[in-house]
Amino acid sequence: MTDQKNNTILIIDFGSQVTQLIARRVREAGVYCEIHPFNKVTGESLAAFNPRAIILSGGPASVHEADTPKAPDEVFTMDVPVLGICYGQQTMVAQLGGDVQPADHREFGRAMVDVSDDCVLFDGAWAKGSREQVWMSHGDRVDSLPEGFRVVAVSDGAPFAAIADDARKFYGVQFHPEVVHTPHGAQLIANFVRHVAGCSGDWTMAHFKDQAVADVRAQVGGGKVILGLSGGVDSSVVAVLLHEAIGDQLTCVFVDTGLMRMNEADEVVGLFRDHYNIPLIHKDAGDLFLGKLDGVSDPEQKRKIIGATFIDVFEEEAKKVGGAEFLGQGTLYPDVIESVSFHGGPSVTIKSHHNVGGLPERMNMKLVEPLRTLFKDEVRELGRELGLPERFVGRHPFPGPGLAIRIPGVLSRDKVAVLQKADAIYLEEIRNAGLYDAIWQAFAVLLPVQTVGVMGDARTYDNVCALRAVTSTDGMTADFFHFDQEFIGRVATRIINEVRGINRVVYDITSKPPGTIEWE
C-alpha cells in the first residue's frame, strides 16, 4: 500500500516453494512486505521501491552453476539490512566474495543447529550454547565467509548454518525459518524486520482497510463498478469494501446457478441487499445451468459449461446496469504471485476462475482488485474489520462449479435437492459440535452408486452419500478430520432418516495427496 513504502520489506524470490511463508511471517510481525521475482528486480526498481530491508528467498538453483540467479548488486550497496535464507544466503556469500560448494552431507528435513554465538536474530528465541531444531533443505553449503562475517550457528552438514555481518546488517541462515518445522523461526524473522530493520510493526488490517478505501476512491472516481458476487469469502469482502468506498456506484450481480448449498442464495440476497443495502441484481439461472448440464457426466466438461454459461449470464446482466467501466474482482496475493512467471513472461496474468475468467478482456473493463496484496486469512481478518458476520467470514471454501462436482456422473434437479439436504444436515451437526472452525472444508457427496437397504421392513434401493472433512493450512495438502465414531453415526442416522433418496452413508479418510479434497 502506498503509505507503507517507507516501512516495507522486499522479498526477492529465487523460486522456493515456501517463499509465500516468508511473507506470512513478516506480516504476522506487523510489517508490510511484497514478493518480487529475482528476474524482475533491477537497480532502478529497487530505488523506486525503497525497501526498509530485503529478504532473499531460497530456491532450487546452485550458485556454482552457469547462469545462476543472482541478486542485483545494488541489494548490497543501498545501505539496507539483508537476510539471506538458504539459497539466499548462498548467493549473498558468493556475490560478496565467499565460497559455496556442493555439500558432502546434504540436509533435508528436520535438523539440529548449535548456537555458537550471540546474534540479534536470536534475541528472545535462542541462547548461546543451545541446540535448536530447524528445517533444512539444501545440497550446497557455504565453505568460506566474505570479509566482515562471523558464524553464529552450525549444524552437522552446514558449518555456517547462520552468519552475521553486524556492521552492514547482513545476515544469512542455511535453514528455513519461515516454516513451522523451525519452531522459533517466526521470532527470528520478526527480530530481523523489527529489531534489525527498525520497522514499527504497526501494519494492521484497520490501516489496510482505510488505505484500500482511499485507493479505490482514487482509482474509480465517479465511475461505476460491477462485481460478481458469489457469497464466498473473497467476493463478500470485496463487495462490502467497495460499497464502503464508493456507495451506490457499486452494483453486485449474483448469478444463482442452482448449484449452491441449501438456502445459500437467500442468505446472500438477505445480507447484501437487505442488510447492507448494496445495489444487487439477483439472477436465478438454475434452469439454464441444469439444462446445459443435462446428460453431461465428465467433470471437466461440467466445469467448462458452468464457466462459459456464467460469463454469458453475468455479461447479459451487467449490460443492463449500463455505463460501468470497472469490474471488481477478488484476486488474492497468492494468485498474483503464482501468475508471475519465474523464468520470464508476463508479469501478471489474471487468474482463471469460473466467475471472472475471460470477463475483463471480453467486456473491455478496467479491474478493481482491492485484495490483491492479501492472503486468505488476511481477507477473513479484513472481513471482520468491515463487520461482516462470522458465518460469512469464516465459511469453508466452496468450489466455483458448486454442487455439480459433488455429484459424480449426470446431474438432475432431484439429485441437487437430495445433496443440499444431506450437506445441510452434516454442516449443522458440525456446527452444533463446535467443530466447524477446526475444519478446513467439510461437505457431502452424492455418489452414483445405489445399494440395498431396509427401512420400515421394506426393501430400499437408494443412493450412497459420502462425507468429507479435511484439515489443512493452505489447501495444497490435507488430512482427513478425525471425527469420533459417535459423531459420524449420529450424522449418518439423521441423513438416512431425513433425506429421501439416501440409504447408506460412508466417510472418506483419504488424505491429499494421494487424493484431492473434492471428488471431481
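Every chain is numbered on its own, with residues counted from 1 as its sequence reads. Where totals are concerned, whole chains, interfaces and linings use all residues; where local detail is concerned, this predicted model gives features only for residues with pLDDT of at least 70, and gives and counts side-chain atom pairs only at 80 or more. To get the side-chain values, take all heavy atoms of the structure and skip hydrogens and water.

1. Comments concerning the packing of aromatic side chains
The line we're drawing: Centres within 6.5 Å make a pair out of two Phe, Tyr or Trp rings, where for Trp the six-membered ring is used; the pair is then stacked when the planes are under 30 degrees apart, edge-to-face when over 60, and tilted otherwise. Only DSSP runs of H or I covering at least 4 residues are called helices, and only runs of E covering at least 2 are called strands; the numbering of each starts at the N terminus. Each residue is placed in one exposure class: buried if its accessible area under a 1.4 Å probe, protein chains only, is under 20% of its type's maximum, exposed if it is over 50%, and partly exposed if it falls in between. To sit over a ring, a charge needs its Lys NZ or Arg CZ within 6 Å of the ring centre and within 35 degrees of the ring normal.
Enumeration according to the criterion identifies 14 aromatic pairs in this entry. Arranged with centres 5.9 Å apart and planes meeting at 90°, the rings of Phe-272 and Phe-392 form a pair that is edge-to-face. Taken as a pair, Phe-272 in helix H7 (residues 264-275) and Phe-392 in helix H13 (residues 390-393) lie far apart in primary sequence, 120 residues in all. You'll find Phe-272 and Phe-392 in the same group, each marked buried. Taken together through their ring pairs, the aromatic side chains of Tyr-426, Phe-481, Phe-483, Phe-487 and Tyr-507 make up a single cluster. Its guanidinium or amino end placed over the ring of Phe-375, Arg-24 lies 5.2 Å from that ring's centre, counting from NZ or CZ.

2. Some details on the pairing of strand E13 (residues 324-328)
Strand residues, when the strand is regular, have side chains that alternate between the two faces of the sheet. What counts is decided by this rule: Pairing between two strands is assigned when DSSP locates at least 2 bridges connecting them.
Pairing geometry for strand E10 (residues 224-228) and E13, over four bridges, is parallel. Pairing of Lys-224 across the sheet is with Ala-324, part of E13. Pairing analysis gives three bridges linking E13 to strand E14 (residues 366-368), with the strands arranged parallel. Within E14, the residue paired with Gly-328 across the bridge is Val-368.

3. Thoughts on the sheet that holds strand E11 (residues 250-256)
To keep things clear, this is the line we draw: With axes taken as lines fitted to C-alpha atoms, and helix axes fitted only over the stretch in contact, angles between N-to-C directions fall between 0 and 180 degrees. Contact criterion: two residues are considered in contact whenever any of their non-hydrogen atoms come within 4.5 Å of each other.
Taken in spatial order, the five strands make up an open sheet running E12-E11-E10-E13-E14, and their pairing is parallel. Sheet topology places strand E12 (280-284) and E14 at the edges, where each strand pairs with a single neighbour. Looking at each pair of strands side by side, their axes are set apart by 30° on average, direction ignored. Its contacts with the sheet put helix H6 (residues 233-246) on E10, E11, E13 and E14, and the angle it makes with E10 is roughly 165°.

4. Topic: the environment of Leu-242
Checked against the element boundaries, Leu-242 lands in helix H6. Separated by 114 residues in the primary sequence, Leu-242 and Lys-128 have C-alpha atoms spaced 51 Å apart. In this view, Leu-242 contacts Val-216, Val-225, Gly-247, Leu-250, Gly-328, Val-368 and Pro-370; residues no more than four positions away in its chain are not counted.

5. Regarding the nonpolar core
Let me state the cut-off plainly: Residues belong to one nonpolar core when they are buried, are Ala, Val, Leu, Ile, Met, Phe, Trp, Tyr or Cys, and are joined through side-chain atoms within 4.5 Å.
Core analysis: the largest hydrophobic core is formed by 47 residues, its most contacted members being Tyr-426, Ile-430, Phe-483, Ile-495 and Ile-502. Elements represented by at least two residues in this core include exactly E11, helix H8 (286-292), helix H9 (299-321), helix H14 (413-432), strand E15 (441-455), strand E16 (458-471), helix H15 (485-498) and strand E18 (502-507). The dominant element in this core, judged by the number of residues it contributes, is H14, at eight residues. By size, the runner-up hydrophobic cluster in this structure holds 44 residues, among which are Ile-9, Met-136, Val-152 and Ala-197.

6. Considerations on helix H12 (residues 376-385)
Among the residues of H12, those classed as buried are Glu-378, Val-379, Arg-380, Leu-382 and Gly-383. The inward-facing, buried residues of H12 contact helix H1 (19-28), helix H5 (205-220), H6 and H13. Taken from the residues just after H12, Gly-387 is the one with a positive phi, measuring 90°.

7. Observations regarding the packing of H5 against H12
In plain terms, the rule: Roughly parallel here means an angle under 35 degrees, roughly antiparallel means over 145, roughly perpendicular means 65 to 115, and every remaining angle is called oblique.
Two elements in contact, H5 and H12, have axes whose closest approach is 9 Å; the angle formed by their N-to-C orientations is 80°. The angle between the axes of H5 and H12 places the two elements in the roughly perpendicular class. Across the interface between the two elements, Met-205, Ala-206, Phe-208 and Lys-209 of H5 pack against Glu-378, Glu-381, Leu-382 and Glu-385 of H12.

8. Things to note about H9
Selection rule: Helix span is expected to be 1.5 Å times the residue number reduced by one. Counting of polar contacts relies on pairs of N or O atoms within 3.5 Å, with two restrictions inside protein: one atom must be capable of donating a hydrogen and the other of accepting it, and residues adjacent in sequence are counted only when both atoms are side-chain atoms.
In this model, H9 (23 residues) spans 33 Å end to end at C-alpha, consistent with the 33 Å of a helix rising 1.5 Å per residue. By the burial criterion, the buried members of H9 are Lys-302, Ile-305, Ile-306, Gly-307, Thr-309, Phe-310, Ile-311, Val-313, Phe-314, Glu-315, Glu-317 and Ala-318. Sitting at the amino-terminal end of H9 is Asp-298, which places a side-chain oxygen 3.2 Å from the backbone nitrogen of Glu-300. Among the residues trailing H9, Gly-322 stands out with phi positive, at a value near 75°.

9. Some points on the packing of H6 against H12
Rule in force here: Take the far helix as your reference; a near helix turned counterclockwise from it by less than a right angle gives a left-handed crossing, and one turned clockwise gives a right-handed crossing.
Packing of H6 against H12 brings their axes to within 10 Å, and their N-to-C directions diverge by 45°. With respect to H12, the element H6 is oriented oblique. Along this stretch, H6 crosses H12, giving a crossing that reads as left-handed. In this structure, H6 uses Val-233, Asp-234, Val-237 and Leu-241 to contact H12, whose residues at the interface are Lys-376, Val-379, Arg-380, Leu-382 and Gly-383.

10. Some remarks on the confidence of the model for the chain
We apply this condition: The predictor's confidence in any single residue is recorded as pLDDT, a number from 0 to 100.
With 92% of its residues at a pLDDT of 70 or more, the chain has an overall mean of 88. Taken together, the stretch residues 340-357 has pLDDT below 50 and engages in 33 contacts with residues farther than four places along the chain or on a different chain.

11. Thoughts on the side chain of Thr-8
With respect to the secondary-structure elements, Thr-8 resides in strand E1 (residues 8-13). Of the residues examined, Thr-8 reaches a relative accessible area of 0% and is grouped as buried.

12. Here we look at unusual backbone geometry
Leaving glycine out, the prevailing phi sign among residues is negative, and the prevailing peptide bond configuration is trans. With an omega dihedral of -15°, the bond running from Lys-512 to Pro-513 counts as a cis peptide bond. A cis geometry characterises the amide bond from Pro-513 onward to Pro-514, with omega recorded as 15°. Within the secondary structure, Pro-514 is located in the segment after E18. Positive phi, close to 60°, is recorded for Asn-277, a residue that is not glycine.

13. Section: the pairing of strand E9 (residues 170-173)
Side-chain alternation along E9 places Phe-170 and Gly-172 on one buried face and Tyr-171 and Val-173 on a second face that is also buried. Two strands pair when backbone bridges link them, and strand E4 (residues 82-85) and E9 are joined in this way by four bridges, in the parallel orientation. Bridge assignment links Gly-84 to a residue of E9, and that residue is Gly-172. Looking at chain direction, strand E8 (residues 162-165) and E9 are connected through four bridges and run antiparallel. In the sheet register, Ala-164 faces E9, and the bridge partner there is Tyr-171. From the end of E8 to the start of E9, which pair antiparallel, there are four residues, and Lys-169 there has a positive phi angle of about 60°.

14. Things to note about the side chain of Glu-378
For Glu-378, the position within the fold is in helix H12. Judged by relative accessible area, Glu-378 falls into the buried class, the value being 7%. Here the side chain of Glu-378 touches Arg-27 through a polar contact of 2.8 Å, side chain to side chain. Residue contacts for Glu-378: discarding those within four places in its chain leaves Arg-27, Trp-203, Met-205 and Thr-373.

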